[in-house]
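Residue-level listing of the chains:
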Amino acid sequence: MGFYVAIVFLVLAVVVALGAIKIVPQGREYTVERFGRYTRTLKPGISFLTPFVEGVGRRVNMMEQVLDVDRQEVITKDNVTVQVDAIVFIQVMDAAAAAYRVDNLHYAIGQLTMTNLRTVVGSMELDEVLSQRDHINSRLLSVIDEATSPWGVKVARIEIKDLLPPPDITNAMARQMKAERERRAVITEADGEKQAAIARAEGSKQSAILEAEGRREAAFRDAEARERSAAAEAKATEMVSDAIAKGDVNAINYFVAQKYVEAFGKLAESPQQKTVIVPAEMGALVGTVGGIGELVKAISADGPPPSRPSGRGRGAVPQTGA
């Protein structure tokens, strides 16, 4: 009989020990109630309770949680109905407040988010709602985080998942976007044509400038060539005049032969002249050319004459006696 009593007491002791020893996993916190009243919170790890007096009240998840807000229809400021849904990221910071200050924490946060979402979206026009999601998220976050602070909850983020306008509004937006893109394409094409026309005009301008510079350079070189030719002719005239002054008859023959050859060349180059009549005095022309050769040899043997002041015109030959 005593053996059975010992076994009963042993089993009772094991049950009491198991009820008094509590192991809290990481990411959780347990509230302790004494006769139904909250007394303390158990942190992760092993803890001991007073048997038959204390017990675990609520098991609270302390990790960050994601709440899905149901889709709802919201009327914007410009009377357009849109369907909106969102997600909320929360984390319990105070287990006792989350357990005893609000009943059904997740449902309360979801309803609070839905009502504030209707308020924020309803105060904006459709274009603002579609283009300012970050602004909506920040406004919702500030309002809901302040409202859930007494519950021991920290709202980390609120994100708008979908914004669905009515089908007719969607079609109108698509047409508007298409028209805007076509307008941009036309502007871009016109700008390209403008730039091409400017480039062509600039090219024509540079071409005209280069052609003018080329003509100026050619005229300059032609003038220089004529100047050099005139200087050479003046030099030759001066040499011949010196020879005439010395009494050389061949110098006079040089001028006569030069004019004779020029006149004969013009006669031969005339486009209306089909037949050229050679004069009978060709022998005299040959003799004149010979005299010119002797004159050149004589000048070369005597050396260049002394330089004289320029300014004597062509044909300024001194008069000699008969």
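Our subject in this report is the structure included herewith. Note that the coordinates shown come from a computational prediction; the quantities given were computed from them, not determined experimentally. (Residues numbered from 1 in each chain as written. Predicted model: local features only at pLDDT ≥ 70, side-chain atom pairs only at ≥ 80, totals over all residues. Heavy atoms only, no water.)

### Some remarks on the overall build of the chain
If you tally the helices and strands in the chain, you get eight helices and eight strands. Out of the 322 residues belonging to the chain, those deemed buried represent 25%. When the accessible surface of the chain is totalled, it reaches about 22000 Å², and 58% of it is carbon and sulfur. (Helix = DSSP H or I, 4+ residues; strand = E, 2+ residues; numbered from the N terminus. Buried < 20%, exposed > 50% of the residue type's maximum accessible area, 1.4 Å probe, protein only. Areas by Shrake-Rupley, 256 points an atom, 1.4 Å probe, with all protein chains shown as cover.)

### Description of the sheet that holds strand β6 (residues 65-75)
Across the sheet, which stays open at both edges, the three strands sit in the order β6-β7-β8 with antiparallel pairing between neighbours. Of all strands in the sheet, those with a lone pairing partner are β6 and β8 (153-164), marking the two edges. Taking the axes of each pair of neighbouring strands and ignoring which way they run, one obtains an average angle of 20 degrees across the sheet. As judged from the ten bridges shared by strand β7 (residues 81-92) and β8, these two strands associate in the antiparallel manner. If you follow Ile87 over to β8, its bridge partner there is Glu159. (Pairing = 2+ DSSP bridges. Axes fitted to C-alpha atoms, helices over the stretch in contact; angles between N-to-C directions.)

### Details of a negative patch on the surface
On the surface, a cluster of negative charge is made up of Asp78, Glu125, Asp127 and Glu128. One can find Asp78 in the loop between β6 and β7. (Patch = residues over 30% accessible without salt bridge, like charges linked within 9 Å, V, L, I, M, F, W, Y side chains within 5 Å. Salt bridge = Lys/Arg side-chain N within 4 Å of Asp/Glu carboxyl O. Lys, Arg positive; Asp, Glu negative; His and termini not counted. Charge placed at Lys NZ, Arg CZ, Asp CG, Glu CD.)

### A closer look at the environment of Asp127
The topology assignment puts Asp127 in helix α4 (residues 126-131). In this structure Asp127 comes out as exposed when scored by relative accessible area, which is 58%. Distance in space between the C-alpha atoms of Asp127 and Asp78 is 9.6 Å, their sequence separation being 49 residues.

### A few points about the nonpolar core
Ranked by size, the top nonpolar core spans 36 residues in total, and within it Val88, Leu105, Ile109, Ile136 and Ile160 carry the most contacts. Listed by contribution, the elements that provide at least two residues to this core are β6, β7, α2 (95-100), α3 (105-122), α4, α5 (133-148) and β8. Examining the composition of this core, we find that eight residues originate from one element, α3, more than from any other. The contacts of Val88, once residues within four sequence positions are left out, are Gln65, Val66, Leu67, Val69, Ile109, Thr113, Val155, Arg157 and Ile158. Core analysis: the second largest hydrophobic core is formed by five residues, Val24, Tyr30, Leu42 and Leu49 among them. (Core = buried A, V, L, I, M, F, W, Y, C linked by side-chain atoms within 4.5 Å. Contact = heavy atoms within 4.5 Å.)

### Topic: the side chain of Thr31
Relative to the assigned elements, Thr31 resides in strand β2 (residues 28-34). By relative accessible area, Thr31 is classed as buried at 0%. A polar atom in the side chain of Thr31 sits 2.7 Å from the backbone nitrogen of Arg58. Among the polar contacts listed, one links the side chain of Thr31 to the side chain of Tyr100, at a separation of 2.9 Å. Once residues within four sequence positions are removed from consideration, Thr31 is found in contact with Tyr38, Arg40, Thr41, Gly55, Val56, Gly57, Arg58, Ala95, Ala96, Ala99 and Tyr100. (Polar contact = N/O pair within 3.5 Å; in protein donor to acceptor, adjacent residues only side chain to side chain.)

### Observations regarding the sheet that holds β2
Across the sheet, which stays open at both edges, the three strands sit in the order β3-β2-β5 with antiparallel pairing between neighbours. Each edge of the open sheet is held by one strand with a lone partner, namely β3 (37-42) and β5 (54-61). Along the sheet, successive strands turn relative to each other by an average axial angle of 30 degrees, direction set aside. As judged from the six bridges shared by β2 and β5, these two strands associate in the antiparallel manner.

### Points about the packing of aromatic side chains
Under the defined criterion, the tally for this structure stands at one aromatic pair. Where Tyr38 meets Tyr100, the ring centres are 5.5 Å apart and the plane angle is 50 degrees; that geometry is what we call tilted. Of this pair, Tyr38 sits in strand β3 while Tyr100 sits in helix α2, and the two are 62 residues apart along the sequence. Judged by its relative accessible area of 32%, Tyr38 is partly exposed. Owing to a relative accessible area of 36%, Tyr100 belongs among the partly exposed residues under this scheme. The ring of Phe89 carries Arg157 above its face, with NZ or CZ at 4.3 Å from the centroid. (Phe/Tyr/Trp six-rings, centres within 6.5 Å; stacked < 30°, edge-to-face > 60°. Lys NZ or Arg CZ within 6 Å of the ring centre and 35° of its normal.)

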